[in-house]
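Descriptive structure summary
One-letter residues, chain by chain:
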Amino acid sequence: MTPNPEKKKLVVATTSLAGCFGCHMSFLDIDERILQLITHVEFNRSPIDDIKHINKPCDVGFVEGGCCNTENVHTLREFRKNCKILVSLGQCAITGGLPAMRNGIPMSDLFSEVYQNTNNPTLGNHLIPNDEEIPIILDRVYPCHEIVKVDAFLPGCPPNADLIWEALVRIIEGKSLDDLTYQYFKYD
Amino acid sequence: MKKSVSEIAQMHQNKQTQLLAILHDIQEQERFISDEVLHILSDELDVPLVELEGVRSFYHFFSSQHRGRYTVYMNTSATSEMSGAFEVMQAFEKHSGIEFGQTTSDFKIGLYKTSCIGLCDQEPAAIINNLVFTQLTASRVKEIVEAMKAGKDLKVLLRQGEGQNKNPLIGAEIFNNIRQKGPLFFNEFEPGSALKKAMDLGSLDVIESIKKSNLRGRGGAGFPTGQKWGFCRAADANRRYVICNIDEGEPGTFKDRVLLTENPYLVFEGMVVAGYAIESKRGIVYLRGEYAYLKNYLEEVLNQMRQGHLLGKKILGTRFSFDIQIKLGAGAYICGEESALIESAEGKRGQPRNRPPFPVVSGYLNKPTVVNNPETFGCAAKIVLNGPEWFRKMGTAASSGVKLFSVAGDCDRPGIYELEWGMSVADLLKLCGAKDAYAVQVGGPSGVLISERQFARKLAYEDLGTGGAITIFNKTRDLLSILHNHMEFFNNETCGFCVPCRAGNAILLKKLEKIMIGNGTSNDLSEIKAWGQTVKLASRCGLGQTSPNPLLTALQNFSDEIASKVRHDIDYISQFNMDFAIEESVKVAGRSPNLRVEEVED
Ligand SMILES: Cc1cc2nc3c(=O)[nH]c(=O)nc-3n(C[C@H](O)[C@H](O)[C@H](O)COP(=O)(O)O)c2cc1C
Ligand code: SF4
């Protein structure tokens, strides 16, 4: 990937929904290649620059995590609306992942286990939070592609830095992500 | 008289290999298996508690919740649905005041669904406390529910069955429907004749003879039987086992049931011949829980054989001893897979083993074991009796002999057909009076769904190899509902060990449901193909390796019809519904479903 000052920079947005930020940490594992990256891309909404909402059309959006509450859904829809290519990054975005372990457990059991049968002193009042400001929990954790159309999937928990790097390079070079070779997904 | 758990365990020598029999006795007496019971068993049998919990939860006929004094197991197979199961189930629910999946609050009646019970030619059928009711109607259901409420013996409501089903030891309302007899299964057989011949030949020549006959396994996979016996005999061990696989769980198959009802002597003698050939002393008949009503009758047949010196010690006055015990399954299609069957017979969860080693090397209790279908044993006995040439004269060059076909669905004469291999599907359809066949499921859901264009294909290993299930659907049937029934079957019956099979089949089913409500796109069809390939490729046993077949073969053979059920103008439809998704949590947290604030930001 050689720098080309003539070319318009690719606009990239990233977000973490019901994820642990592990995918973003893995992204940072591209280490010094990030210096090379910023000659080719410009970040829009992302934890990397702390822009809170997408404010211009983006070429690609990376989404970590699935959707566990209403805010996740709104964010995901914002990404879909504004990104030409939408990528599910990591296992939680692709399948719901660890947070989806709650799927199938009735909501009343979940709330009482977390907020009421607890010895946690900060939750001492044993109330189920119901402030209208708080996003509403969904009936289950949804993988992103069940809510909006997703164009590419980068598996892994987390996907390793080389996979993320390779995907970025391909997008910058205008290549397809469909034929990423097995070596990038091999996790044993 | 009620027995204590310890007494029941003792009746079965406190052995783990008898665990299913123990749990059957407890379930039958108590109508459920409590945690407390498992604690006692854990001590008595010296088996860890978690393992017992695993077994209890694995089998459909065991339950931690009360299933009612009368437990109705209603068959949900496609042919049952086609014959009016829906009205029958509604009648059960209406008259007993509960839904399927529930037990009445007085614990009298429990209504539960179950996968194919091997009665596809006389649906809708249900098993109630081991009594089999066939061709149910809403009015009969009313009678049955009233009798259950009154605590009566349901036997008086049974109509008389046909053939040996009338035998008091069976007493089942079942019709054999043998439509076409052939030279092998349903004619005179003199018990002992095949065994005498085998002993004249000597054990090695018996195996040679089976090899020469080209007999291949009739359970579906078609492995050469002589070779299997040869491998087992060659395996070095002090003990070997012969197992007869009467799990017959593939929806659409019921020929083993009829064979065992009408000619059990032939099947069991085939087992003894196998025992003689591989130098084994012990045989096990693994009888699916759904066929428990046959157990007493089959035990009596075994007793008769013992009295005739065809079983037990010093058979026919020689030094050869061989005996057979019957083990009852408890509702699990996967236990038809031979290594899962072996696990189940050992008193464990019926989960397939890794193979190799194959059962012929390491099977029951890790000893070399031959597992065969009852029809295979029947063939083997007759081959020994009449010679391999006699057998090879029938059928085609690559598929010798005859085959039992279980024919059901839209035809005038559903039932059992004994036919030489090589008949075309079209000829069979003519024979059974299927005038307007639109789709034919060959080999059950794990086989292939073919359309008229392929009706010229031949029923033979070299073309359409099959365990013998032929289910016929005419034009009035909804293709997607049939596929749904079959995919639901695999979702219910996966043992859950492999992710591709456990999760992949759930994904396939959801995709199908998406299409059924009009939300499918052509992308969903491509995804079904891709997921189907993954499930087939990455699953451990035959269940996962064949479970996408209903969808994949339908996509191939009914491509136009299926393409017409999806949208081609857009490539993605989301089924996500925010109002539905927040309904429950809003209620539990006691807040308003207020989405407005966030909507504005969208
Ligand atoms: C999911 C599954 C279910 C099976 N069910 C049966 C069955 O009900 N009866 C049967 O004979 N074989 C069944 N088989 C095939 C057995 O594993 C085995 O191949 C067969 O019993 C061998 O006997 P055969 O060579 O005489 O056919 C099943 C296989 C799979 C993968
Ligand atoms: S393929 Fe399915 S049924 Fe077979 S072992 Fe795997 S999970 Fe169990």
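Only a predicted model underlies this, so the values are computations on that prediction, with no experimental measurement involved.

**With respect to the site of ligand 1**
Residues and elements named next belong to chain B.
- Ligand 1 sits among 18 residues. The nearest are Gly-219, Asn-245, Asn-372, Asn-373 and Thr-376.
- In the environment of ligand 1, an oxygen atom lies 2.6 Å from a nitrogen or oxygen atom belonging to the backbone of Gly-219.
- In this structure, Glu-338 approaches ligand 1 through a main-chain N or O atom, which is 2.9 Å from an oxygen atom.
- Within the residue set of the shell around ligand 1, elements represented by two or more residues are strand 10 (369-372) and helix 21 (542-546).

**Considering the nonpolar core**
- B:Leu41, B:Tyr59, B:Phe185, B:Val206, B:Trp229, B:Phe268 and B:Val285 are the most contacted members of the largest nonpolar core, which has 118 residues in total.
- Per-element tally for this core: the top contributor is helix 12 (residues 264-278) of chain B, with 10 residues.

**Notes on helix 6 (residues 85-96) of chain B**
Residue and element names in this part refer to chain B.
- Helix length check: helix 6 (12 residues) gives 16 Å between terminal C-alpha atoms against 16 Å at 1.5 Å per residue, within 8%.
- When helix 6 is considered as a whole, its buried residues turn out to be Ala-85, Val-88, Met-89, Ala-91, Phe-92, His-95 and Ser-96. Mapping the buried residues of helix 6 onto a view down its axis gives an arc of 155°, with all of them on the same face. Those residues of helix 6 that are exposed and angled more than 90 degrees off the buried face are Phe-86 and Lys-94.
- Against strand 1 (70-75), helix 5 (78-82), strand 3 (109-114), strand 4 (126-128) and helix 7 (138-149) lie the buried residues of helix 6.

**A closer look at the interface of chain B and chain A**
- Listed as interface residues are 25 residues of chain B and, on the opposing side, 29 residues of chain A.
- For the pair chain B and chain A, the summed buried area comes to about 2300 Å², and 54% of that belongs to carbon and sulfur atoms.
- If you look at where chain B meets chain A, you find 1 salt bridge.
- Inspection of the chain B/chain A interface yields 11 residue pairs in polar contact (both at pLDDT 80 or more).
- Only helix 24 (578-589) and helix 25 (596-601) of chain B provide two or more residues apiece to the side of chain B that touches chain A.
- At 9 residues, the largest contribution of residues to the side of chain B that touches chain A is made by helix 24 of chain B.

**Quick look at the sheet that holds strand 12 (residues 415-420) of chain B**
Residues and elements named next belong to chain B.
- Ordered by their spatial adjacency, 6 strands build an open sheet running 6-12-11-15-13-14, and the pairing between neighbours is mixed. Among the strands making up the open sheet, the edge pair consists of strand 6 (178-180) and strand 14 (448-451). Strand-to-strand, the axes of this sheet are offset by a mean angle of 30°, without reference to chain direction.
- Across 6 bridges, the pairing between strand 11 (residues 402-409) and strand 12 is antiparallel. Counterpart to Leu-404 in the pairing with strand 12 is Glu-418.

**Quick word on the site of ligand 2**
- In the vicinity of ligand 2 there are 13 residues, among which B:Cys495, B:Phe497, B:Cys498, B:Cys501 and B:Cys541 approach most closely.
- Grouping the constituent residues of the shell around ligand 2 by class yields 8 nonpolar, 4 polar and 1 charged.

The rules we used
Residues numbered from 1 in each chain as written. Chains lettered and ligands numbered in written order. Predicted model: local features only at pLDDT ≥ 70, side-chain atom pairs only at ≥ 80, totals over all residues. Heavy atoms only, no water. Near = heavy atom within 4 Å. Polar contact = N/O pair within 3.5 Å; in protein donor to acceptor, adjacent residues only side chain to side chain. Helix = DSSP H or I, 4+ residues; strand = E, 2+ residues; numbered from the N terminus. Core = buried A, V, L, I, M, F, W, Y, C linked by side-chain atoms within 4.5 Å. Buried < 20%, exposed > 50% of the residue type's maximum accessible area, 1.4 Å probe, protein only. Expected span 1.5 Å × (residues − 1). Arc of directions from axis to C-beta. Contact = heavy atoms within 4.5 Å. Buried area = accessible area lost by both parts, 1.4 Å probe. Salt bridge = Lys/Arg side-chain N within 4 Å of Asp/Glu carboxyl O. Pairing = 2+ DSSP bridges. Axes fitted to C-alpha atoms, helices over the stretch in contact; angles between N-to-C directions. Nonpolar A, V, L, I, M, F, W, Y, C, P; charged D, E, K, R; others polar.

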